[in-house]
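Below are the chains, spelled out letter by letter.
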Amino acid sequence: MPVPVISPVRSLLYYAQWQTWARQPFATETPTSWAAASALPPGLSLNATTGLLSGAVTMPGVYEFALTATNASGTSAPGLFVAGITPTTWTAPVDALDVILDLSTGLVTVNDLTSTPGGTLDQQTVLAWLKSGDARLLHIRPVKNGAVCDIAFLTLKLAAKVFEPEASVIASTAFGRAATGPDTYYRMAVLLTDAQLDAELFNAENEAGTLLTALFEFEWTWTNTLTPDCGLTTVRGSSQNFALGVERQMIANA
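Residues numbered from 1 in each chain as written. Predicted model: local features only at pLDDT ≥ 70, side-chain atom pairs only at ≥ 80, totals over all residues. Heavy atoms only, no water.

## Structural notes on the sheet that holds strand S2 (residues 20-23)
Strand order in this open sheet of 3 strands is S2-S5-S4, and the pairing throughout is antiparallel. Strands with a single pairing partner mark the edges of an open sheet, and in this sheet they are S2 and strand S4 (44-46). Adjacent strand axes in the sheet meet at a mean angle of 15° when their direction is disregarded. Pairing between S2 and strand S5 (residues 53-56): 4 bridges, direction antiparallel. In the strand pairing of S5, Arg-23 is matched with Leu-53. (Pairing = 2+ DSSP bridges. Helix = DSSP H or I, 4+ residues; strand = E, 2+ residues; numbered from the N terminus. Axes fitted to C-alpha atoms, helices over the stretch in contact; angles between N-to-C directions.)

## Re the pairing of strand S12 (residues 135-144)
The side chains of a regular strand alternate, residue by residue, between the two faces of the sheet. For S12, the buried fraction is high: 7 of the 10 residues fall into the buried class. Here 6 bridges tie strand S9 (residues 97-102) to S12, and the two strands are oriented parallel to one another. Paired with Leu-97 across the strands is Leu-138, a residue of S12. The pairing of S12 with strand S17 (residues 185-191) spans 6 bridges and is classified as antiparallel. The partner of Leu-137 across the bridge, within S17, is Ala-189. As defined by bridge partners, S12 adjoins strand S13 (residues 147-148) across 2 bridges and the pair is classed as antiparallel. Opposite Lys-144, over in S13, you have Ala-147 as the bridge partner. A loop of 2 residues connects S12 with S13, the two strands running antiparallel in sequence, and Asn-145 in this loop sits at a positive phi of about 55°. (Buried < 20%, exposed > 50% of the residue type's maximum accessible area, 1.4 Å probe, protein only.)

## Re the confidence of the model for the protein
With 85% of its residues at a pLDDT of 70 or more, the protein shows a mean pLDDT of 82. Contacts of residues 112-124 to residues separated by more than four positions or lying in other chains number 25 contacts, the stretch itself having pLDDT below 50. (pLDDT = per-residue confidence, 0-100. Contact = heavy atoms within 4.5 Å.)

## Comments concerning helix H1 (residues 195-204)
Residues of H1 that are buried: Leu-197, Glu-200, Leu-201 and Ala-204. Angular distribution of buried residues about the axis of H1 spans 100°; they occupy a single face of the element. Facing away from the buried surface of H1 by more than 90 degrees, the exposed residues are Ala-195, Phe-202 and Asn-203. (Arc of directions from axis to C-beta.)

## Regarding the pattern of salt bridges
Close approach of charged atoms allows side chains with opposite charge to pair. Summed over the entire model, instances satisfying the criterion amount to 2 salt bridges. Residues Arg-177 and Asp-150 are paired through a salt bridge, measuring 2.1 Å at the closest nitrogen-oxygen approach. Residue Arg-177 is located in strand S16 (residues 175-179), and its partner Asp-150 is located in the loop between S13 and strand S14 (155-161); the two are separated by 27 residues in the primary sequence. As a salt-bridge pair, Glu-219 and Arg-236 come within 2.9 Å of each other at their nearest N and O atoms. Linking Glu-219 in strand S20 (residues 212-223) with Arg-236 in strand S21 (residues 234-238), this pair joins segments that are 17 residues apart in sequence. (Salt bridge = Lys/Arg side-chain N within 4 Å of Asp/Glu carboxyl O.)

## Remarks on the environment of Gln-196
Along the chain, Gln-196 falls in helix H1. Here the alpha-carbon distance between Gln-196 and Val-162, two residues 34 residues apart in the chain, equals 9.3 Å.

## Observations concerning the packing of aromatic side chains
One pass over the structure, following the stated rule, counts 7 aromatic pairs. Aromatic side chains Phe-153 and Trp-220 sit 6.1 Å apart centroid to centroid with 40° between the ring planes, which places their arrangement in the tilted category. With Phe-153 in the loop between S13 and S14 and Trp-220 in strand S20, this residue pair connects regions lying 67 residues apart in the sequence. Through pairs of rings, three or more aromatic residues link up here, namely Phe-153, Phe-175, Tyr-186 and Trp-220. (Phe/Tyr/Trp six-rings, centres within 6.5 Å; stacked < 30°, edge-to-face > 60°.)

Here's what the structure looks like:
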């Protein structure tokens, strides 16, 4: 069996910054593994078994990178790929938390390369870390099928609870629509100043620090203008539960 040869159709163009997409490269001779021969664009990942490229590139630009395919006879010559990523106008303050809300799956992710996506309940895989006493802005972008969804929310709420006891510790309902069309996103202000949260942080304190993981959820409503409306004028949706870590603030608020 000859070594694989990667298909020469390799341009990946016109994807937008933060847009989730996937592309399957092809090679002859049934490769059993794939590898990146140079750095991938930030936010893009490669499935080493299937070769599937997927993710959301976090920075605009034109990227060139190479892949190789391997079978029992050896490894292919590197195949060059080109990805053109257009910028969005979605700009945020440095300390704003950029959130992607998938309306199809309810999955919540954070566009922050310093955090570990996944939303599991383990303190090492929370979406992001916050501190008590902070006043933070969330920039929330609704997407569907990998593209920005221009939807007008009537309400948008954020709630959280700690695990033991199962009590709500944070709730935010103040939000505003900051852009429309392909750049649609919402701003939400979150104040981490709840008495129940302070009590839980006190209980979680130890010499190594505070390791409190809280379970969060978004809820939203919108007006159903579809025809027929099937008797449903207001639609309610909820995200999957996702985990954020909350630490104790050591500097008292002025």
